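A structural walkthrough
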Amino acid sequence: MLPLASDIDALARFGRALADPIRCRILLALREAPAHPADLAERLEISRTRLSNHLACLRDCGIVVTVPVGRRVRYELADARLGHALDDLRGAVVAVEADRTCPDADEKDCC
């Protein structure tokens, strides 16, 4: 059975969100707890302008949402399952890296 176009689109959006290290850091921070942009910028040690651009990308991808809190806006993951997906993906990548064995690793300085 071929994947539906919507499945492919969803995975592509998730991949786009993860394609930048700053967006990955934002997602991992929001996995821990929702946050206001000023707090995220300070925590991640990036400018608010740069953070704003990355948050816009994550919103466009449907990965994060804004929640009005009085006169401020708080960001959070669009769905709690995204936090679990990030944990699962990170765990799988780490496991695959740990399992890589190359008989020529010492000679080729690889792996």
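Above this note sits the structure.
These remarks concern the structure in this document. (Residues numbered from 1 in each chain as written. Predicted model: local features only at pLDDT ≥ 70, side-chain atom pairs only at ≥ 80, totals over all residues. Heavy atoms only, no water.)

1. Brief notes about the environment of Val-64
Examined against the element boundaries, Val-64 turns out to sit in strand β1 (residues 64-69). Under the relative-accessibility criterion, Val-64 is labelled buried at 3%. Each C-alpha atom of the pair Val-64 and Glu-76 lies 5.5 Å from the other, and the pair is twelve residues apart in sequence. Among all residues touching Val-64, those that are not within four sequence positions of it are Leu-27, Leu-30, Leu-55, Leu-58, Arg-59, Tyr-75, Glu-76, Leu-77 and Ala-78. (Helix = DSSP H or I, 4+ residues; strand = E, 2+ residues; numbered from the N terminus. Buried < 20%, exposed > 50% of the residue type's maximum accessible area, 1.4 Å probe, protein only. Contact = heavy atoms within 4.5 Å.)

2. Quick word on the side chain of Arg-23
With respect to the element layout, Arg-23 can be found in helix α2 (residues 21-32). The side chain of Arg-23 sits in the buried core without any salt bridge; Asp-20 is the nearest counter-charge, 4.5 Å away. Here Arg-16 takes part through its backbone oxygen, which lies 3.0 Å from a polar atom of the side chain of Arg-23. Excluding its chain neighbours within four sequence positions, the residues that come into contact with Arg-23 are Arg-16, Ala-17, His-54, Cys-57 and Leu-58. (Lys, Arg positive; Asp, Glu negative; His and termini not counted. Salt bridge = Lys/Arg side-chain N within 4 Å of Asp/Glu carboxyl O. Polar contact = N/O pair within 3.5 Å; in protein donor to acceptor, adjacent residues only side chain to side chain.)

3. Notes on the pairing of β1
Relative to strand β2 (residues 72-77), β1 runs antiparallel, the two being bridged by six bridges. Following the sheet pairing, Thr-66 is matched in β2 by Tyr-75. Where β1 hands over to β2, the hairpin turn is made up of two residues, of which Gly-70 adopts a positive phi near 65°. (Pairing = 2+ DSSP bridges.)

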